[in-house]
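Here are the chains, one letter per residue:
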Amino acid sequence: HTEATDKAIEIALSVKDDFPNIKVAGSITTIEDCYRPDLVPPQDELEEEHGIQMELFKNSGIDMMFLETINTIREADAILKSSKDMNVPIFVSFVTDKEGNLMSGETIKEAIDKLSKYKIEGFMLNCRPPQILTIAAKKLAEVYKGTKGIYANGHGEPGDELGWEFNKDFSPEE
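Residues numbered from 1 in each chain as written. Predicted model: local features only at pLDDT ≥ 70, side-chain atom pairs only at ≥ 80, totals over all residues. Heavy atoms only, no water.

Draft legend 1. Structural context of the pairing of strand β3 (residues 90-94). Summarising burial for β3: 5 of the 5 residues are buried, a large majority. Taking every second residue as pointing to the same face, both faces of β3 are buried, with Ile90, Val92 and Phe94 on one and Phe91 and Ser93 on the other. Relative to β3, strand β2 (residues 64-70) is paired through 4 bridges, and the arrangement is parallel. Considered in β3, the bridge of Phe66 is made with Phe91. As paired elements, β3 and strand β4 (residues 122-126) share 4 bridges and run parallel to each other. The partner of Phe91 across the bridge, within β4, is Gly122. Following the chain from β3 across helix α4 (residues 108-115) to the adjacent parallel β4, one finds a crossover that is right-handed. (Buried < 20%, exposed > 50% of the residue type's maximum accessible area, 1.4 Å probe, protein only. Helix = DSSP H or I, 4+ residues; strand = E, 2+ residues; numbered from the N terminus. Pairing = 2+ DSSP bridges. Right-handed = clockwise from strand over helix to strand, strands pointing away.)

Laid out in structure tokens, this is it:
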């Protein structure tokens, strides 16, 4: 998978030849299904796997780094530990349950408190329907005053086959 990552970075950075003001982000997510925190591997495996991936990004020329759909504090910690020598802004984005907590049940406040030892540019929320992210965004705003972001999936729920099953039965108000 390192060759694919190298090639993806190369292609993304080539756009800067024609558009020098464009910013290129690297992205990393959970090793296992982001909607299944019960599948998160042991810490040593997390650190090894994420360490390999983050090493590819360290001197690649990207402008920022996104940790996306993070479902547990310990996986975020493993990735951030591997990114400590990166000199680009790092954003951490959590995937949350229906109560606005990480999919693991850990609160956003617990996550921010435990991850505050790292240099993080901002915290975000992603990959859930808008109504769930609205609940989580309120919790994020209560405990974090820095840069925040949000990007939702369409209406639906996590699904076994494709990772996400869209629900087409919703009103325009939703």
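Draft legend 2. Expanded view of the pattern of salt bridges. Scanning the entire structure with this criterion turns up 8 salt bridges. Close ionic contact of Asp113 with Lys109 constitutes a salt bridge, the shortest N to O distance being 2.8 Å. Here Asp113 pairs with Lys109, and both are found in helix α4, just 4 residues apart, close to one helical turn. Judged by its relative accessible area of 45%, Lys109 is partly exposed. Here the salt bridges do not stand alone but share partners, grouping Glu55, Lys58 and Asp85 into one network. (Salt bridge = Lys/Arg side-chain N within 4 Å of Asp/Glu carboxyl O.)

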